[in-house]
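Observations on chain architecture
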Amino acid sequence: DTAVSQTPKYLVTQMGNDKSIKCEQNLGHDTMYWYKQDSKKFLKIMFSYNNKELIINETVPNRFSPKSPDKAHLNLHINSLELGDSAVYFCASSQGRSGQFFGPGTRLTVL
Amino acid sequence: GQQVMQIPQYQHVQEGEDFTTYCNSSTTLSNIQWYKQRPGGHPVFLIQLVKSGEVKKQKRLTFQFGEAKKNSSLHITATQTTDVGTYFCAASNSGYALNFGKGTSLLVTP
């Protein structure tokens, strides 16, 4: 059973397109996150939701919009994709401030 | 946020040698977490340290949290090829989101 799952695993698209990444966790956790990992492996927090409420919104272009329909799901929609958006996007979940469980990642390539 | 600096950036060892990565902060940390990411994989939670001077062991891995709660270390005794990957420390920012160090990439040669 996959604890944190993301779809799609790979996403290749043209500049200017709009795309979404979906995340689901079956751990019963109350907090979910989106991280971006660049080509140098630097992991940076983008958003965090606690019980469907946005609690962390780092300096991210407003082309990125998270949405949490329920505690188990956190989706990420990206408008007008740019070359610099190419990266691996990780979803994660935790129960409160405990260790975080990461999904397998979505490798986004913008051409 | 609570920024953490991690050194070294890379480490190449022969199998059987020991390995240590260090994590430092200019501010007092409420807690610190360690993660391992295998090549092509995702970060996997290893441990969380909360108390000043705390030492925890997981088989060949030893984690320490400094007395002043400004630094931490991960030591691996007698490395194996399965230890290959990038080790990240991370400090919580406002209690939930983590600020990750830049990681130490470990390569183990048989």
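Scroll up to find the structure this text is about.
Residues numbered from 1 in each chain as written. Chains lettered and ligands numbered in written order. Predicted model: local features only at pLDDT ≥ 70, side-chain atom pairs only at ≥ 80, totals over all residues. Heavy atoms only, no water.

A word on the overall build of chain A. The helix and strand inventory of chain A stands at zero helices and eleven strands. Since a compact globule built from 111 residues should have a radius of gyration of about 13 Å, the 13 Å found for chain A is in line with a globular shape. With respect to the three principal axes, the spread of C-alpha positions in chain A is 35 × 30 × 25 Å. Among the 111 residues that make up chain A, the fraction classed as buried is 44%. Taking the contacts inside chain A whose residues are at least 6 apart along the sequence as the reference set, 54% of them involve residues at least 24 apart. For chain A, the exposed area adds up to about 5500 Å²; of that, 49% sits on carbon and sulfur atoms. (Helix = DSSP H or I, 4+ residues; strand = E, 2+ residues; numbered from the N terminus. Rg over C-alpha atoms; globule rule 2.2 N^0.38 Å. Buried < 20%, exposed > 50% of the residue type's maximum accessible area, 1.4 Å probe, protein only. Contact = heavy atoms within 4.5 Å. Areas by Shrake-Rupley, 256 points an atom, 1.4 Å probe, with all protein chains shown as cover.)

A few words on the pattern of salt bridges. Close approach of charged atoms allows side chains with opposite charge to pair. All names here are of chain A. If you walk through the whole model with that rule in mind, you get four salt bridges over all chains. We note a salt bridge from Arg63 to Glu82, for which the minimum N-O separation is 3.5 Å. Taken together, the residues Arg63 in the loop between strand 6 (53-57) and strand 7 (64-70) and Glu82 in the loop between strand 8 (73-78) and strand 9 (87-94) connect sequence positions 19 residues apart. You can call Arg63 buried: its relative accessible area is 13%. On the accessibility criterion, Glu82 (42% relative accessible area) is partly exposed. (Salt bridge = Lys/Arg side-chain N within 4 Å of Asp/Glu carboxyl O.)

Turning our attention to the packing of aromatic side chains. For the coordinates displayed, the defined rule picks out eleven aromatic pairs over all chains. With a centroid separation of 5.8 Å and an interplanar angle of 45°, the aromatic rings of B:Phe19 and B:Tyr87 are classed as tilted. Of this pair, B:Phe19 sits in strand 3 (residues 19-24) while B:Tyr87 sits in strand 9 (residues 85-93); the two residues are 68 residues apart in sequence, bridging distant segments of the chain. B:Tyr87 shares its class with B:Phe19; the two are buried. Put simply, the rings of A:Tyr33, A:Tyr35, A:Phe90, A:Phe102, B:Tyr35, B:Phe45, B:Phe88 and B:Phe100 pair up and form one aromatic cluster. (Phe/Tyr/Trp six-rings, centres within 6.5 Å; stacked < 30°, edge-to-face > 60°.)

A few words now on the sheet that holds strand 7 of chain A. Residue and element names in this part refer to chain A. Spatially, the four strands line up as an open sheet ordered 1-3-8-7, and their pairing is antiparallel. For this open sheet the edge positions go to strand 1 (4-7) and strand 7, each flanked by a neighbour on one side alone. The average angle at which neighbouring strand axes cross in this sheet is 20°, direction not considered. As paired elements, strand 3 (residues 19-25) and strand 8 share four bridges and run antiparallel to each other. Across the sheet, residue Ser20 finds its bridge partner in strand 8, namely His77. (Pairing = 2+ DSSP bridges. Axes fitted to C-alpha atoms, helices over the stretch in contact; angles between N-to-C directions.)

Here we take up the nonpolar core. Among the nonpolar cores identified, the biggest contains 21 residues, and B:Ile32, B:Trp34 and B:Phe63 are the most heavily contacted of them. Secondary structure elements with two or more residues in this core: strand 3, strand 4 (32-37), strand 5 (43-49), strand 7 (61-65), strand 8 (71-76), strand 9 and strand 11 (104-109) of chain B. In this structure, A:Ile21, A:Met46, A:Leu76 and A:Val110 belong to the second largest nonpolar core, which totals 19 residues. (Core = buried A, V, L, I, M, F, W, Y, C linked by side-chain atoms within 4.5 Å.)

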